[in-house]
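What follows is each chain in one-letter form.
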Amino acid sequence: MGIKTIIVSALATVLAVIPLSAQTPTTTWPYIYGEFTDGVVYLAKKGQKEGKFNICLDGCVLHFIDKDLVKSHSSAEVLSVQIGKDIYQNVGGKLLKVIDKSDKCLIVQENEIDFATLNSAESAYGSSSTTLGNMSLSSAEGIGGSNTSASLNHMELKHNRDAGKELPLIVRNYIFVKGRKIFCTKKDVMDIAPDKNLMKQFLKENPVKWKEAHSVLAVGDFLYDQF
């Protein structure tokens, strides 16, 4: 197992379980959590670092508080992060939530802003496509990683977070095994399987509930031995 996956296991013992405040993300608060929360990040070159973190849904990047400013870590430098009791793994430059794991693979979840739905909702009110693009991205521009040349004051950001529109999200689960990210569907698994006949036999003998992470975990373990 690679160092990035090992870090996921190590992170789980670093922090006590901390309840997180849940809040629907909006165009003025494009974050998974309602507050920046105590956590620990593992960086490729700088080791372990504690702080207050949140996941920005515009690109699934890590934002943190630095002297009352919201800043970001580049995707290239973050290996993984624990925020409260949740663990996020860097998968292809995006921080995805680990929802189940074994010694061989991870099941990760990606929350992506559905800009098409967001823009079509605005279109119903007669906004132009140019305006829509600006409206959809306005909350992220100038915040830490969305515009790396600028930062926003944390208190100002919090003050305005309820002024935006609710962000529609697309939620997808993936198998992450030996550096490969595989969408949790039978078709995607069959497409990538090195030995399709062997994979087909495995699925026949082990019925999988594709929307249940723990059920899909067995598929990841099987693929680990095939790659």
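These lines cover the structure that appears in this document, whether it is placed above or below. (Residues numbered from 1 in each chain as written. Predicted model: local features only at pLDDT ≥ 70, side-chain atom pairs only at ≥ 80, totals over all residues. Heavy atoms only, no water.)

## Quick notes on helix 7 (residues 213–226)
Okay, so step 1: Under the 1.5 Å per step criterion, the end-to-end length of helix 7 is 20 Å for 14 residues, consistent within 8% with the ideal 20 Å.
Okay, so step 2: Summarising the contacts, the buried residues of helix 7 are in contact with strand 7 (94–101), strand 8 (106–113), strand 10 (169–177), strand 11 (180–183), helix 5 (186–192) and helix 6 (196–205). (Helix = DSSP H or I, 4+ residues; strand = E, 2+ residues; numbered from the N terminus. Expected span 1.5 Å × (residues − 1). Contact = heavy atoms within 4.5 Å.)

## Notes on the packing of aromatic side chains
Okay, so step 1: Enumeration over the complete set of coordinates arrives at 6 aromatic pairs.
Okay, so step 2: Pairing tyrosine 31 with phenylalanine 36 gives two aromatic rings, centres 5.1 Å apart and planes at 65°, and the pair type is edge-to-face.
Okay, so step 3: For tyrosine 31, a relative accessible area of 0% translates into the label buried.
Okay, so step 4: Taking relative accessible area as the criterion, phenylalanine 36 reaches 7% and is therefore assigned buried.
Okay, so step 5: With a centroid separation of 5.6 Å and 45° between ring planes, the pair formed by tyrosine 174 and phenylalanine 183 is classed as tilted. (Phe/Tyr/Trp six-rings, centres within 6.5 Å; stacked < 30°, edge-to-face > 60°. Buried < 20%, exposed > 50% of the residue type's maximum accessible area, 1.4 Å probe, protein only.)

## Brief notes about the pattern of salt bridges
A pair can form between side chains of opposite charge whenever their charged atoms are brought close.
Okay, so step 1: Going through the model one piece at a time under the given rule, you end up with 11 salt bridges.
Okay, so step 2: Linking lysine 158 and glutamate 35 is a salt bridge whose minimum nitrogen-to-oxygen distance equals 3.2 Å. Within this pair, whereas lysine 158 is found in helix 4 (residues 154–160), its partner glutamate 35 is found in the loop between helix 1 (3–11) and strand 1 (37–43), the two being separated by 123 residues in sequence.
Okay, so step 3: Close ionic contact of aspartate 38 with lysine 52 constitutes a salt bridge, the shortest N to O distance being 2.9 Å. Taken as a pair, aspartate 38 in strand 1 and lysine 52 in strand 2 (residues 47–56) lie far apart in primary sequence, 14 residues in all.
Okay, so step 4: Judged by its relative accessible area of 40%, lysine 52 is partly exposed. (Salt bridge = Lys/Arg side-chain N within 4 Å of Asp/Glu carboxyl O.)

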